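Residues per chain, in single letters:
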Amino acid sequence: MVPMMSVLEQMLAKYDATSAEGASNGLREVMQEIALAGLYRGGFFDRAAFYGGTCLRIFYGLPRFSEDLDFSLLQQETGFSLEPYFKAVKEEFTALGLDVSIAVKEKTVQRGIESAFLKNNTQVFDLTVQWNKTIKIKFEVDTLPPPGFGTEEKLLLEPFSFYAKCFVLPDLFAGKMHALLFRRWKHRIKGRDWFDFEWYVKKGVPLNLSHFAQRAMQSGHLERVKLKEEEFRVLLTQKIGSLDVALAMDDISRFVQDVKPLKIWSREYFMQLADRMKIIEA
């Protein structure tokens, strides 16, 4: 009789382990899903929603891997702490035979300059899992989120069936474009932003311009919350015009299984994608 696979083995079996990169990305994503399950058991999604690249990957089918877990409170709450939820997260890993530790991640001036989005109110933690190798996953929780986003319940089937509260796609798109347009990396281009932009446009997802403007105003990149579609398109055109495509492709290559579709990337290609993007203007 063939022995039944454990829950962990079953989760890992979904991923291509023929390359070291693929195995590492798969292992990280499994650990991310276990962490989400622990947060669900602890009641975290009653007060917060999941967003960012990993949310897009796990719940909406984005064909690239992502590193961090990004969350936003549903309402601004300066006194919020993620730490009361750690017990449930640790118990979820322990139930699967995994050792895990969670520690506060120190915010540095250098990191703040590079990301441009790590607000003073953002809580950041490192979750470290010991298995075949050490996996680190960064948690970020925005405790003073900008208003104007919608959420929906999304189903995850492993390690057990549960619903996680996630940003809806037009507001996820707004957050991505806020990062794409205003992120200031000192030494490299974040090609993952451009990969996601391409995905949203190809999927026909509209951008919620109102939520984009709220984010940009909160980060100091807009002086007023009212933004016209034409003004947004000018910002995007300028950004595309200065894009170093080779650096963007180099960044994204380690997060996708097949790099061949990236060959079409060029400034002209992104200009044409921008022309086809849909915008919801409130």
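Residues numbered from 1 in each chain as written. Predicted model: local features only at pLDDT ≥ 70, side-chain atom pairs only at ≥ 80, totals over all residues. Heavy atoms only, no water.

K.L.:
In this structure, what is going on with the state of the cysteines? I would like to understand it.
P.N.:
Note: disulfide means a covalent bond formed between the sulfur atoms of two cysteine side chains. The full count for this structure, using the stated rule, is zero disulfides. Cysteine Cys-55 shares no disulfide, and the gap to the nearest cysteine sulfur, in Cys-166, comes to 3.8 Å. Overall, Cys-166 belongs to the buried group, its relative accessible area being 0%. (Disulfide = S-S within 2.5 Å. Buried < 20%, exposed > 50% of the residue type's maximum accessible area, 1.4 Å probe, protein only.)

K.L.:
I keep staring at helix H7 (residues 191-203) and nothing clicks. Help me out?
P.N.:
Residues spaced three or four apart along an α-helix point in a common direction, a consequence of the helix completing one turn every 3.6 residues. In this model H7 runs 18 Å from its N-terminal to its C-terminal C-alpha over 13 residues, within 8% of the 18 Å that 1.5 Å per residue would give. Burial runs high along H7: 11 of the 13 residues are buried. Every buried residue of H7 is listed here: Gly-191, Arg-192, Asp-193, Trp-194, Phe-195, Asp-196, Phe-197, Glu-198, Trp-199, Tyr-200 and Val-201. The elements touched by buried residues of H7 are helix H3 (53-60), helix H6 (169-182), helix H9 (229-241), helix H10 (245-252) and helix H11 (267-276). Looking one or two places after H7, you find Gly-204, whose phi comes out positive at around 75°. (Helix = DSSP H or I, 4+ residues; strand = E, 2+ residues; numbered from the N terminus. Expected span 1.5 Å × (residues − 1). Contact = heavy atoms within 4.5 Å.)

K.L.:
So what exactly am I meant to see when it comes to the packing of aromatic side chains here?
P.N.:
Aromatic ring pairs are defined here through the distance separating the ring centres and the angle between the ring planes. For the coordinates displayed, the defined rule picks out 25 aromatic pairs. On the numbers, 4.3 Å between centres and 10° between planes, the contact of Phe-173 with Tyr-200 is stacked. With Phe-173 in helix H6 and Tyr-200 in helix H7, the pair connects residues that are 27 residues apart, well separated along the chain. Judged by relative accessible area, Phe-173 falls into the buried class, the value being 0%. Seen from their ring centres, Trp-199 and Tyr-200 are 5.4 Å apart, and the 75° between their planes marks the pair as edge-to-face. Each member of the pair, Trp-199 as well as Tyr-200, is classed as buried. Cation over ring: Arg-41 sits above Phe-160, and NZ or CZ is 3.9 Å from the ring centre. Here the basic side chain of Arg-57 rests over the ring of Phe-65, its NZ or CZ set 4.1 Å away from the ring centre. (Phe/Tyr/Trp six-rings, centres within 6.5 Å; stacked < 30°, edge-to-face > 60°. Lys NZ or Arg CZ within 6 Å of the ring centre and 35° of its normal.)

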